[in-house]
Amino acid sequence: MRPETLEDYLVSLHTGQWFGWSDAKNKVYANLIIHDSSKTKPTEQECIDGLAQLQADYDQAITDKEARKASAKSKLEALGLTTEEIKEAFGI
Amino acid sequence: MSTLEVNTITPQSGTTLTLGGSGNTVTLGSGVTASGFGGITEADQWRLNTNFSATGGDDYFTTNLERIDTDSGGYFGTGMTESGGVFTFPSTGYWLVMYNFSVAYVDNLQAYINGNLDVSTDGGSTYSRGARGFTSIDYNTEGAPNSSAFCTILLDVTSTANIKVKFGGNAQATNATFRGQTDYNTTTMTFIRLGDT
């Protein structure tokens, strides 16, 4: 699942229930609260940048995965397998 | 139609009292309150309202729990009380406790994830595993891994002071996320009182 929310970034920072919301119906930075005093509240900019980085990492991982599939498929075709055979045997 | 006015009807012999026969309809008057029939008198549902990243060991929800309050969600009866993730029953009786958990987003990992429903019989001093649901997700093959699992237990709550329950899970890897939402149910705990103990 592609990271889309502030919460997606926060769960990537630390494990456990270290954060929550003063208003769970409105999960914006202003409502972010820290349950675990050993953890530091990230700045809003850190959250924005962190989420953007997660999204970039996710998108890159998808791109890399598709590239590996395409590479594998072309190598198999070069060995003489048909598209149907590759799909049946390897699911790509 | 005649009216029979008595305070108590008891069997002439034995312990069975029959009203009407096959094909008859027995009707209680409008506004009548009937007691002693048992039935469901309590039902309540709670949920995790915020995502929770697993530590890799036994984790328990200690905060970010709420009674459902959207889409006509509600409860009836007295309802459960929750403090620090520990749930207390409002009355004794046979209670069906159901735990559904949703997990997602294991970063480049294969992982098993368990949902744990733990029960205390000594007021919360110690807990034992009452029920466990199992699932697993594989980031590498599924791409966008999500999964849900379910476990349940029927408890004879003989003491509201002693019988407590709490919820959580155990993930093979960190970064497995228990899904929590406040707008709809993902990870939920449901409590239904089925009858007297």
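Just so it is clear, the structure is predicted and the values come from calculations on it, not from any experiment. (Residues numbered from 1 in each chain as written. Chains lettered and ligands numbered in written order. Predicted model: local features only at pLDDT ≥ 70, side-chain atom pairs only at ≥ 80, totals over all residues. Heavy atoms only, no water.)

### Things to note about the overall build of chain A
Step number 1: Counting secondary structure elements, chain A contains three helices and two strands.
Step number 2: Reading chain A from its N terminus to its C terminus gives the helix and strand order α-β-β-α-α.
Step number 3: What you see for chain A is a C-alpha radius of gyration of 21 Å, clearly larger than the 12 Å of a compact globule of 92 residues, by over 25%.
Step number 4: Its C-alpha atoms give chain A principal-axis dimensions of about 60 × 25 × 20 Å.
Step number 5: Considering chain A as a whole, with its 92 residues, one finds that 28% of them fall into the buried category. (Helix = DSSP H or I, 4+ residues; strand = E, 2+ residues; numbered from the N terminus. Rg over C-alpha atoms; globule rule 2.2 N^0.38 Å. Buried < 20%, exposed > 50% of the residue type's maximum accessible area, 1.4 Å probe, protein only.)

### Some remarks on the confidence of the model for chain A
Step number 1: Per-residue confidence for chain A averages 93 on the pLDDT scale, and 100% of its residues sit at or above 70.
Step number 2: In the model of chain A, helix H3 (residues 83-90) of chain A stands out as the element of lowest mean pLDDT, 91, in contrast to strand E2 (residues 32-34) of chain A, which has the highest, 97. (pLDDT = per-residue confidence, 0-100.)

### Some points on helix H2 (residues 44-78) of chain A
Residue and element names in this part refer to chain A.
Step number 1: In this model, H2 (35 residues) spans 51 Å end to end at C-alpha, consistent with the 51 Å of a helix rising 1.5 Å per residue.
Step number 2: Within H2, burial applies to Cys47, Gly50, Leu51, Leu54, Gln55, Tyr58 and Leu76.
Step number 3: Phi for Gly80, located one or two positions after H2, is positive at around 110°. (Expected span 1.5 Å × (residues − 1).)

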